Amino acid sequence: MADSWINETLYPDWGQRFAVRRELARVTSDFQDIVVFESSSHGNVLVLDGVIQITERDEFVYQEMLTHVPILAHGSAKNVLIIGAGDGGVLRRVLAHRGVTRAVMVEIDGEVIRLSKEFLPGIAGDAWNDPRAEVIVGDGIDYVRRAPDGAFDVIIVDSTDPIGVGEVLFTDEFYANCARVLSAEGLIVNQCGVPFMQADELRETSLRRRQFFPHVSAYVAAVPTYVGGFMTLGYASKGDAIGTQDAATIAERAERDGILGTTRYWSPEVHVASFALPPYIARELPK
Ligand code: SAM
């Protein structure tokens, strides 16, 4: 039995805990409380305001699904905007696509980036130094307010939950600007929580986006440390790239982009199947 444990405080009456081998950092930034610790079961773990964000052991599930699904559903994405995602894992996966020529990442908290580089270096790898990457420390809502029309093909929002600093990324104003800065066939994905516990997050986000995007749906990924069953990733597109293409088309695109055979959770078949929602999740989406 370990001497020291960290309890997640996401829900007041239920949660997970980790045996702590060593605390690596404890910082109060201008935006949130940040803890990084070494666990005995999941490698190094990043915690923001008491909520588990990323563990070295299972980050591949969430990051692969949040990145490869939208880029391959789009089919010819060159310019990608990432909001949040300070650990750099989405940036690395975006840049793995040969067709991507520019990836702009806007993270509000420079301390998350600094601590991730120091204690979770494998998550981003060399992505920080890729000439196609532009990393901006700033608020995502300000960035999309000022970005020109049609500048991006795909927007990936890897935010904290809609409380505190991440709340603005779940507003009408944010989604309206995202729709404006996306190109004609552009699409946006964002994390919508675990619907078994946070059904409001998926329902409200989908309803909001319905005002600005003709096609709104969601897909699922089973991320072990986002407890409560499937995590939903919200999906909204301006054009016909609705994510549910057949596996052969997706495989062809992944081969062309250099992604096929490099992943541990995502595959062309998982990509297509992830849009099949259990009824308790599907009922949260607007008709
Ligand atoms: N993938 C994990 C998850 O979903 O739990 C980790 C997400 S974590 C890296 C989300 C990041 O979003 C945090 O680093 C946080 O600082 C950033 N963030 C929150 N609000 C933001 C905002 N308004 N603009 C830009 N980044 C923001």
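Residues numbered from 1 in each chain as written. Predicted model: local features only at pLDDT ≥ 70, side-chain atom pairs only at ≥ 80, totals over all residues.

1. A closer look at the sheet that holds strand β11 (residues 215–221)
Point 1. Strand order in the open sheet formed by seven strands is β8-β7-β6-β9-β10-β12-β11, with mixed pairing between adjacent strands. Edge positions in the sheet fall to β8 (133–137) and β11, since each has one partner strand and no second. Here the strands of the sheet are splayed against their neighbours by 15° on average, with no regard to which way each runs.
Point 2. Sheet topology places strand β10 (residues 182–191) next to strand β12 (residues 231–237); five bridges connect them, and they run antiparallel. Bridge assignment links V189 to a residue of β12, and that residue is Y235.
Point 3. Set on the sheet, helix α6 (residues 172–181) makes contact with β9 (152–158) and β10; between it and β10 the angle comes to about 140°. (Pairing = 2+ DSSP bridges. Helix = DSSP H or I, 4+ residues; strand = E, 2+ residues; numbered from the N terminus. Axes fitted to C-alpha atoms, helices over the stretch in contact; angles between N-to-C directions. Contact = placed C-beta atoms within 7 Å.)

2. A look at the site of the ligand
Point 1. By nearness alone, 26 residues border the ligand, and Q53, G84, G86, I108 and G140 come closest of all.
Point 2. When contributions to the shell around the ligand are tallied by element, the ones reaching two or more residues are β5 (51–55), β6 (79–84), β7 (102–107) and α5 (140–146).
Point 3. Tallied by class, the residues present in the shell around the ligand amount to 13 nonpolar, eight polar and five charged.
Point 4. Taken domain by domain, the shell around the ligand gets at least three of its residues from each of domain 1 (4–55) and domain 2 (59–282). (Near = placed C-beta within 6 Å. Nonpolar A, V, L, I, M, F, W, Y, C, P; charged D, E, K, R; others polar. Domains from an automatic or database assignment.)

3. Examining the confidence of the model for the protein
The predicted structure's coordinates, where accompanied by low pLDDT, should not be read in detail.
Point 1. On average, residues of the protein carry a pLDDT of 96, and 99% of them reach 70 or more.
Point 2. Here the complex is predicted with pTM 0.97, and the ipTM for its interfaces comes to 0.93. (pLDDT = per-residue confidence, 0-100.)

4. Notes on the environment of G229
Point 1. Examined against the element boundaries, G229 turns out to sit in the loop between β11 and β12.
Point 2. The partly exposed category is assigned to G229, around which 15 C-beta atoms lie within 10 Å. (Buried ≥ 20, exposed ≤ 12 C-beta atoms within 10 Å, placed from the backbone.)

5. Focus on helix α1 (residues 59–74)
Point 1. In a regular helix each residue adds 1.5 Å, so 16 residues correspond to 22 Å; α1 covers 23 Å between its end C-alpha atoms and thus fits that length.
Point 2. Burial analysis of α1 places 14 of its 16 residues in the buried class, which makes it a mostly covered element.
Point 3. Following α1 by one or two positions, G75 has its phi on the positive side, about 95°. (Expected span 1.5 Å × (residues − 1).)

6. Re unusual backbone geometry
Point 1. The backbone phi angle of D49 is positive, close to 50°, even though this residue is not glycine.
Point 2. Here D49 is to be found in the loop between β4 (44–48) and β5.
Point 3. On the neighbour-count criterion, D49 (18 C-beta atoms within 10 Å) is partly exposed.
Point 4. In this structure, A85 takes a positive phi of about 65° despite not being glycine.

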